[in-house]
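Residue-level structural notes
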Amino acid sequence: MRTKGSFYTLVLFTLLLFIFPWSELSTAQNAEGALTGIVEDTSGARIAGARVLLSVPDSPFQRQTVTSSVGEFRLEALPPGDYRVEVSASGFAVSNLKLRVAVSSSPTIIVKLKPQASEQKIDVEGVGKTLASQPIETTSSVQKTTVSRQDLSEIPLAHRSFANIAYLAPMTQPVEPSDPTKARITAVSFAGSSGLNVDLSVDGGDNSDDYIGGFLQNYSPDAMEEFSIRSAQFDADTSRTNGGSVIISTRKGSDAWHGSGDFFYRGRNLNARNPLDNPEPNPKQPFSRENEVFTFGGPLRKSKLWFFSSLEYVRENASVAYSANSLKEFSALSQLAAAGLIAINGISVNSISVPSSVPVPFRDTLFSARIDWAQSARSQWFFRAALDRNHTQNDLIQQSTLPSTGATTTSNYGNFLINNQFQFSPTWLASFTLDAGGFHHVKDRNSHLGLSLAFPFSATFHTTSGFETFGDNQFVTSITAFPILRDQQKYHFRYDLSHVSGSHAPKFGVNFIHEPVLSGKLSNDPETLVQFPQDPSLYVAHPVQFSQDLVDNAEQLGCPPSPPPASFCPSGNFSQNIQRLGLYAEDSWRILPKLTINYGLRYDTTFGLFRAEGVNQDHNPAFLTLRSLGIPLVAGTPHDYRGAFAPRLGIAYAPGRSGNTVIRAGIGMYYNDLTQNGWVDAFRSVNAPNTNALLPSDQGFVIDPHYHTPYALQTSLGVEHQFGNDWHINVFFEHHGGVHQYRRYEYASGFTLPATAPNISLFKTDNRSSYNGISFVAQHRFVSNFEVTAHYTFARATTWGAGVGELFDYVNGVTDVRNPFGPGDHGPSGEDVRHRFVLVGTLELPYQFQVSTLSQFESARPFTITTPVDLNNDGITGNDRAVINGVHTSLDQFRGTPYMQVDLRVSRAFDIRDRIHVMPFVEFFNLFNRQNPGNNYVGDISALPVPVNSLSNATAFCLDTACTLTQPIHRINDVRFPAGALGDFFGPGTSVGIPFAAQLGIRVTF
């Protein structure tokens, strides 16, 4: 397969670049920081022409400059790490400082020079090494949170994932993993979004998934040096996000040999029972997980060449336990099979086994290695390689689906990056980054019967998991299809040039991504899918009705080996070759000593965004059929958008002379192309074996020709103040106005289209959204033995949708295409969390004991309840929302359960011969065993555990099979029923909390 060949060519090309002496090229990446300083005498008068020399301990790395006429200096493109700063001026004593520059930060320091007498030494080495000790940045207008390596090692992380770390930042919140091809890489929601519109870079290289969005490759927390979360007012060098930005820098070696070994263990005896999924008296579900982590680094040549590596292996033996309701329905289905009633299209099922739980073994290997080379004082290089290989058996099985619906999943990720910085002069610095990555994913279903049976009780919230009850997993839901094969190859080139001149710090850059392989395959095997209107327990008493519904609701899916000449059957395969280009220019202008204006302009565009298999959408049979029938649904085909100019303006004002207060404000536009998954059906349509005109019974897929890249208009205003060295307060407001977002229009033949036309799914970019939030952040540091960070966010997020409402996602639809902005289609987004509070703290106790916590509290998230009845007579079922007591419900009108989870870690350090440190620890997740179903409630009124008397207008619950005994529905919230607690999407839940679990571990460092 050409995928592997080009991937290994890439590896060779990358290694050649590493050894080639590009001494006059360089690198800058948004993972780097800057340092701004003011040099004064003891009376506060500023000193012009002072010499500033910045260096790295045990390295030839140096940067030097002189202060301007107003006594200020700025040093750009500084890799995260520890630095020495030497400041000297005629007639004054030399001042030496130790400080740390965090990832993507720009701290401001004030250096006071004393009259010449003796050298000054100021040690501020501890500043900036933890969440609560970050210095204030008086020249930056970016709202961000920086998490250090020390924070990562001290805070309890339930899943050791990106999402766990991002919880520490305000204006963010966890969301469920929505991509079954990356089930263990959870997303992070910014500004009420789904988390799929976020930019993630690792060491300056792109780490975004271009099929579904969000993060791509996972990294061990022990491989990370720092983690920066930016929620608003990103500089113009940041691209491809209209939500937030996450920047990670990896660890590097030093002149001292160092390393660590960690072991984490969880087991069934350390976990509490989940009453929703594993109730008494069923046996407690089996579970065990071990994480083994190793790091090692040191000098290959002191003060010249260093390396660092990390390895994490995860051995998890999880299981899916079935609830009492699921076991009841499975047993009823087993009775129907034993009676010989499951027989259709030559397929017969005479027995179905019903286990109490299903094992789900998972194995994962995460490895990264980095080499740093100080070529000279002006040129520094590093090379980093990383991989992630994981394997899951019985994947996709949920607590309402039988083992036959699972699959074996294998995923392989690889990434290679080269980075070089070169200083042309004290005021000119260039930066060069070359990044290459690959992803290969395969799913193999457990069952190949050619038959799937789906009952309402298996359809959980949003039906993005647990769709088929028994038989072959179709890898498709009412919202989207997901691939059984995925390949992504990406080559990322980035070049940045920065300059410091007086009060200006301009920066220019180009960002180019070549993605020759963005391909995959959707399942299209011949299958018979039967979606029953009632659950098996009802059919046991009505076997004749079961046999009738088996025939009436049977649907043929997939493509036969040789489809009839007149049949339209889209291929399962899809493949694209895409290029993305970004250009930017920005400046940080210190217009006054207390006022900095950060302004810039970015331009992004794509090449081949709508080409699949080498052809445009004018080869799409659905488009050709509409044109031949003279149906003006679409006037043409879509093209790459060329108008994505994004101006950005930020202001940072630091009143007073102490540098302890900064007022920030800004406005900017942020573009991000929709990912491939939203319209993959249109891409695979050009692969159809037969390209004749579509028949009225066929389903076609077309993209609206008026495509516009989605963007967000962001505004922010905030104030940050530091009270001495102890208290740090930050209050800020953000508004995100989303424009040109995705929506899917469903047109039905004979209803909203002429009877001669096929059914059509039309993908448009006409959706809108709004987010308004205000955050209050407080950080307190008591000397060195107690640190605490707390933040509270009050927010509101709204959008348009049918059964699902998400910001910047591919799932939103319309209830009625004849009235796309009709009543009831506007409401809260699925991640509309009105109140969220997070507490993070570390307490040093006597005898080297340490206690730390990560605690989260948030108000209930919304959800929608739909009905399978076509209430508006548009020929489409599943898009209509439920009617209760004669009142039509609206988008996300219902609310789930407020979420609360307190995680705690207790550790004790032991030192052995000064060099070796041993730290056993115990971690408690969901300490108070809070039941957290989140908004994972039954989202289909026909799937409620207690049936209703009418799916068109529910007024009562049926208390017997014939519905002769009823109980009135008094309030709309009477129809709220939790659907389970394992997570409403794929993989371990994040907003759906786990029950109490304890984890034992030990860390050894040297």
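Residues numbered from 1 in each chain as written. Predicted model: local features only at pLDDT ≥ 70, side-chain atom pairs only at ≥ 80, totals over all residues. Heavy atoms only, no water.

Some details on the overall build of the protein
Within the protein, the secondary structure is distributed over eight helices and 52 strands. Here the C-alpha atoms of the protein give a radius of gyration of 29 Å, agreeing with the 30 Å that 2.2 N^0.38 yields for 1006 residues. In terms of principal-axis extent, the alpha carbons of the protein reach across some 100 × 65 × 50 Å. The burial tally for the protein puts 62% of its 1006 residues in the buried class. Pairs at least 24 apart in sequence give 74% of the contacts found in the protein among residues at least 6 apart. Side chains of the protein carry 75 positive and 89 negative charges; the gap between the two charge centres is 7 Å. (Helix = DSSP H or I, 4+ residues; strand = E, 2+ residues; numbered from the N terminus. Rg over C-alpha atoms; globule rule 2.2 N^0.38 Å. Buried < 20%, exposed > 50% of the residue type's maximum accessible area, 1.4 Å probe, protein only. Contact = heavy atoms within 4.5 Å. Lys, Arg positive; Asp, Glu negative; His and termini not counted. Charge placed at Lys NZ, Arg CZ, Asp CG, Glu CD.)

Digging into the environment of Thr67
Relative to the helices and strands, Thr67 resides in the loop between strand 3 (62–66) and strand 4 (72–78). Assessed through its relative accessible area of 5%, Thr67 is described here as buried. When the C-alpha positions of Thr67 and Ile667 are compared, they lie 30 Å apart, and in sequence the two are 600 residues distant. In this view, Thr67 contacts Val39, Ile47, Ala48, Gly49, Ala50, Val52, Glu72 and Phe73; residues no more than four positions away in its chain are not counted. A polar contact of 2.9 Å, which involves the side chain of Thr67, links it to the backbone oxygen of Ile47. Polar side-chain contacts of Thr67 include one of 2.9 Å to the backbone nitrogen of Gly49. (Polar contact = N/O pair within 3.5 Å; in protein donor to acceptor, adjacent residues only side chain to side chain.)

Some details on the pairing of strand 28 (residues 504–521)
Judged from the 13 bridges that link them, strand 27 (residues 485–499) and strand 28 form a sheet pairing that is antiparallel. Counterpart to Gln488 in the pairing with strand 28 is Leu518. Between strand 27 and strand 28, which pair antiparallel in sequence order, lie four residues; one of them, Gly502, sits at a positive phi of approximately 60°. Here strand 28 pairs with strand 31 (residues 573–592) via 16 bridges, running antiparallel. Bridge pairing links Asn511 to Gly582 in strand 31. (Pairing = 2+ DSSP bridges.)

Observations regarding the packing of aromatic side chains
In the structure shown here, the tally under the stated rule is 34 aromatic pairs. With a centroid separation of 5.6 Å and 65° between ring planes, the pair formed by Phe532 and Tyr539 is classed as edge-to-face. The buried category is assigned to Phe532, whose relative accessible area is 5%. Look at Tyr539 and you get buried, because its relative accessible area is 0%. On the numbers, 6.2 Å between centres and 25° between planes, the contact of Tyr742 with Phe763 is stacked. Of this pair, Tyr742 sits in strand 37 (residues 727–747) while Phe763 sits in strand 38 (residues 759–782), and the two are 21 residues apart along the sequence. Taking the relative accessible area as the measure of exposure, Tyr742 reaches 2% and is therefore buried. When its relative accessible area of 1% is taken as the criterion, Phe763 is described as buried. Among the aromatic residues, ring-to-ring pairing joins Trp257, Phe296, Phe307 and Phe1006 into one connected group. (Phe/Tyr/Trp six-rings, centres within 6.5 Å; stacked < 30°, edge-to-face > 60°.)

Notes on the side chain of Gln779
Secondary-structure assignment places Gln779 in strand 38. Assessed through its relative accessible area of 9%, Gln779 is described here as buried.

Details of the pattern of salt bridges
Tallied over the entire structure, the rule returns 48 salt bridges. We note a salt bridge from Arg74 to Glu76, for which the minimum N-O separation is 2.4 Å. The burial state of Arg74 is the same as that of Glu76; both residues are buried. Among the salt bridges present, the one from Arg445 reaches Glu527, with a minimum N-O distance of 3.5 Å. Placement of the pair is Arg445 in strand 24 (residues 428–445) and Glu527 in strand 29 (residues 527–531), with a sequence separation of 82 residues. On the basis of relative accessible area, Arg445 is assigned to the buried category, the value being 6%. Here the salt bridges do not stand alone but share partners, grouping Asp206, Asp210, Arg240, Lys490, Glu515 and Arg580 into one network. (Salt bridge = Lys/Arg side-chain N within 4 Å of Asp/Glu carboxyl O.)

Examining the sheet that holds strand 7 (residues 108–113)
Think of a sheet as strands paired side by side through backbone hydrogen bonds, with each pair either parallel or antiparallel. An order of 4-1-7 is seen for the three strands of this open sheet, with the pairing classed as mixed. On the outer flanks of this sheet lie strand 4 and strand 7, each paired with one strand and no other. Averaged over all pairs of adjacent strands, the angle between their axes in this sheet comes to 25°, without regard to strand direction. When strand 1 (residues 33–41) meets strand 7, the two strands line up parallel, connected through six bridges. Counted as the bridge partner of Val39 is Val111 from strand 7. (Axes fitted to C-alpha atoms, helices over the stretch in contact; angles between N-to-C directions.)

What to know about unusual backbone geometry
Even without a glycine there, the phi angle at Asp203 is positive, about 55°. Positionally, Asp203 belongs in the loop between strand 12 (199–202) and strand 13 (205–206). Residue class for Asp203 comes out buried when judged on its relative accessible area of 1%. We note that Glu613 has phi near 55°; this positive angle belongs to a residue other than glycine. Residue placement: Glu613 occurs in the loop between strand 32 (595–607) and helix 7 (621–628). When its relative accessible area of 36% is taken as the criterion, Glu613 is described as partly exposed.

Points about the environment of Gly801
You can see Gly801 is positioned in the loop between strand 39 (786–800) and strand 40 (826–828). Residue classification places Gly801 among the buried residues on the basis of a relative accessible area of 0%. Between the C-alpha atom of Gly801 and that of Tyr742, which follows or precedes it by 59 residues, the distance is 9.8 Å.

Nothing here speaks to function; it is all geometry.
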